[in-house]
Amino acid sequence: MAPAAMRTAAQSLSDAKPVPFWLDDPGKPAALPALTGDEHCDLLVVGGGYSGLWTALIAKEREPERDVVLIEGHEVGWAASGRNGGFCAASLTHGLPNGLERWPEEIHKLEELGERNLDAIEAAVARYAIDCEFERTGEIDVATEPHQLEELREWHQEAQKLGFTGLEFLDRDALRAEVDSPTFLGGLWDRRGVAMLHPAKLAWGLKRACADLGVRVYEHTRGLELARTGTGMAVRTPYGRVFARRVALGTNIFPSLVKRVRPYTVPVYDYALMTEPLTAGQLDSIGWKNRQGLGDSANQFHYFRLSADNRILWGGYDAIYPYGGRLSADLDQRPETFLKLAGQFFDCFPQLAGVRFSHAWGGAIDTCSRFSAFFGTAHQGRVAYAAGFTGLGVGATRFGADVMLDLLAGEQNEITALEMVRSKPMPFPPEPFAWAGIELTKRSLARADGNGGRRNLWLRTMDRLGLGFDS
C-alpha cells in the first residue's frame, strides 16, 4: 500500500470502536442468571449460538411437552452468531461447487433441503416476530480479475446444464448497474438463495422465542464435563449440574465435550469493518438499490453488504489460524488486518473517499477440512453434535439442529440417510503439522490469486485429497 493510501486508511479507522457493530446495540437484552444447583430435563442443549438456539426451539416445536434446558458459557449470541456478516445462505455445503465435488449423487437433494431450510428460517422469523432486519435480496459473486470472470461464466453454464437455474450471469455493465465499482468485471447473482439479516438480533429473537415456549435458558453457565449417569447424561457447570435424558452439543469452535470430536475443527479468525451510515449522495454514487450481499471470487475474498441504516460491512480477506488453535479475546483485534481491509475498501469504492469506519472487530470461525458441517452421536446415541460450519452457520445451523434432533430420536429418514450426515471430514493433524499445513495453504492461495488462479503443486495435491479450497 502506498504511503498516502496507508495514511488515508489509517485516518478512516481512527474512531472505530473495537467491538462488533451488531452487539453494540441499545436493544441488547439483559443476560439471564447462571445456573446454580442441579437441574433435570429431557433435553439439554449446550451452547447459546444459532446451533443451540435452533435446536432448543425446534425441539419444543416438535414436542411442546418436552422439558428443555439451554446453557451458554457467556451470553446468547456473543460469539460467532453475533459477529458474522449476516449472510443467511440456503447452501448447506459451502456453495454448490463444493457440494457437487463432495456429494455429486446427493447434490440435488442437498440443494432442495437447503432451500427448504432457508424458507423455514424466513417463516420462523415471521412467526415469532423476530425483528432481525431480514431481507431476501440474494448474493452476487463478483469477478475482479479476468480469470475469475471466465470461471464464473463457465460455472454458470455448468450449473444450468445440471438443472440449477437460480443463478443469473451479469456482465460488467449489468453488474455495475447494480453496484458500481471500477474493480467489478462481472458476477453471478443468486437472487433467492441468500438473505441479509442482523445476526445478533436473530440470536436475541431466538432466545426470546425459546423462553416463550418454555425453554429454561441459563447464561454465564459453561458446560465443563460430560458424563454418563444411569440412563442419561450429566453435565457439570461452574455452580451446578444438569441431568438430562439427551444432550445436544452446539459449541462449534469451542472445545467439544466429546473429546474425540476436537481434532475435526480448527479456529480461523475472521475480521470485519463497518462504516458510518452513508449519506444519500454517497449511496447514490455506488447505486446498490437492490441491497444484495456481495463477495468477490478470489481465494482470499471479501464479503460486503448494507446494513438497515445504510452502513457498509466490509470483511474477510485475512483468515488467521493461531498456533495450537488458541482461542483468546486478544485475537479479536488485529490492527494490521483492519488497515489492510480499509485500504482494500477504498480501492473497491474510490467514490467513497472520506468515509470513516465506526466499528472494527474479529472472531473465530469453526473450520473443518470439508468446509461444511459434520454430525454425529456419542454415548450410545444419548449425545448428538454438529460442528464445522465454516462461515455458513447463519443458515446451516438450523439444518444442523434438525439433524441432531433426528439423530437423538433414532430417526431413519431422508436427512439421516445422507452421506453428508453419515460421513466425517478428515481430522486436522497435531501441531506443528496443522499450523504448517494451514500456513502453506494460505500462502499458496494468495500466490494463486496473483497468478491468474493457477494452483501450485500443494493446492493440486490438496484438491486430490478433497482438501482443496477456494472461495
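An account of the accompanying structure is given in this report. Predicted, not measured: the structure shown is a model, and the values here were computed from it.

## A few points about the pairing of strand S16 (residues 357–367)
Here is step 1: Burial analysis of S16 places ten of its eleven residues in the buried class, the great majority of the element.
Here is step 2: As paired strands, strand S12 (residues 266–275) and S16 are joined by ten bridges and run antiparallel to one another. For Tyr-269, the partnering residue across the bridge sits in S16 and is Ala-364.

## Observations concerning helix H10 (residues 393–408)
Helical periodicity: at 3.6 residues per turn, an α-helix aligns residues three or four positions apart in one direction.
Here is step 1: Across its 16 residues, H10 extends 21 Å between first and last C-alpha, which sits within 8% of the 22 Å expected from 1.5 Å per residue.
Here is step 2: When you tally the buried positions in H10, you get 15 out of 16 residues, the bulk of the element.
Here is step 3: In the segment just after H10, Gly-410 is the residue with positive phi, at about 70°.

## Re unusual backbone geometry
Here is step 1: Each neighbour pair has its own omega, and for Glu-431 with Pro-432 the value is 5°, a cis peptide bond.
Here is step 2: With respect to the element layout, Pro-432 can be found in the loop between helix H11 (419–422) and helix H12 (433–449).

## Some details on the side chain of His-147
Here is step 1: Tracing the backbone through its elements, the reader meets His-147 in helix H5 (residues 146–161).
Here is step 2: Each residue touching His-147, except ones within four places of it in the same chain, is listed here: Asp-449, Gly-452 and Gly-453.

## As for the pattern of salt bridges
Here is step 1: Under the counting rule described, the total for this entry stands at 34 salt bridges.
Here is step 2: A salt bridge links Asp-15 to Arg-356; the nearest nitrogen and oxygen atoms lie 3.3 Å apart. Placement of the pair is Asp-15 in the loop between helix H1 (3–12) and strand S1 (37–46) and Arg-356 in the loop between helix H9 (335–348) and S16, with a sequence separation of 341 residues.
Here is step 3: When its relative accessible area of 28% is taken as the criterion, Arg-356 is described as partly exposed.
Here is step 4: The partner of Lys-109 in a salt bridge is Glu-112, and the shortest N-O contact between them spans 3.4 Å. In this pair, Lys-109 and Glu-112 are both assigned in helix H4 (residues 107–127), three residues apart and thus about one turn of the helix distant.
Here is step 5: Under the relative-accessibility criterion, Glu-112 is labelled partly exposed at 34%.
Here is step 6: Salt bridges sharing common partners tie together Arg-62, Arg-398, Asp-402 and Asp-406.

## Some points on the packing of helix H2 (residues 50–62) against helix H7 (residues 199–212)
Here is step 1: Between H2 and H7, the shortest axis-to-axis distance is 9 Å and the interhelical angle comes to 30°. On the basis of their axis angle, the class for H2 and H7 is roughly parallel. Pair H2 / H7 crosses with left-handed handedness. Facing Tyr-50, Leu-53, Trp-54, Ala-56 and Leu-57 of H2, the residues of H7 in contact are Pro-199, Ala-200, Leu-202, Ala-203, Leu-206, Lys-207, Ala-209 and Cys-210.
Here is step 2: Of the residues belonging to the contact of H2 with H7, the class tally is twelve nonpolar, no polar and one charged.

## Examining the state of the cysteines
Where two cysteines share a covalent bond between their sulfur atoms, that bond is called a disulfide.
Here is step 1: Scanning the model with the defined rule gives zero disulfides in all.
Here is step 2: Cys-132 carries a free sulfur, and the closest cysteine sulfur to it, the one in Cys-88, is 8.3 Å from it.
Here is step 3: We classify Cys-132 as buried; its relative accessible area is 1%.

Thresholds applied
Residues numbered from 1 in each chain as written. Predicted model: local features only at pLDDT ≥ 70, side-chain atom pairs only at ≥ 80, totals over all residues. Heavy atoms only, no water. Buried < 20%, exposed > 50% of the residue type's maximum accessible area, 1.4 Å probe, protein only. Helix = DSSP H or I, 4+ residues; strand = E, 2+ residues; numbered from the N terminus. Pairing = 2+ DSSP bridges. Expected span 1.5 Å × (residues − 1). Contact = heavy atoms within 4.5 Å. Salt bridge = Lys/Arg side-chain N within 4 Å of Asp/Glu carboxyl O. Axes fitted to C-alpha atoms, helices over the stretch in contact; angles between N-to-C directions. Parallel < 35°, antiparallel > 145°, perpendicular 65-115°, else oblique. Left-handed = near helix turned anticlockwise from the far one by under 90°. Nonpolar A, V, L, I, M, F, W, Y, C, P; charged D, E, K, R; others polar. Disulfide = S-S within 2.5 Å.

That is the geometry; function is a separate question.
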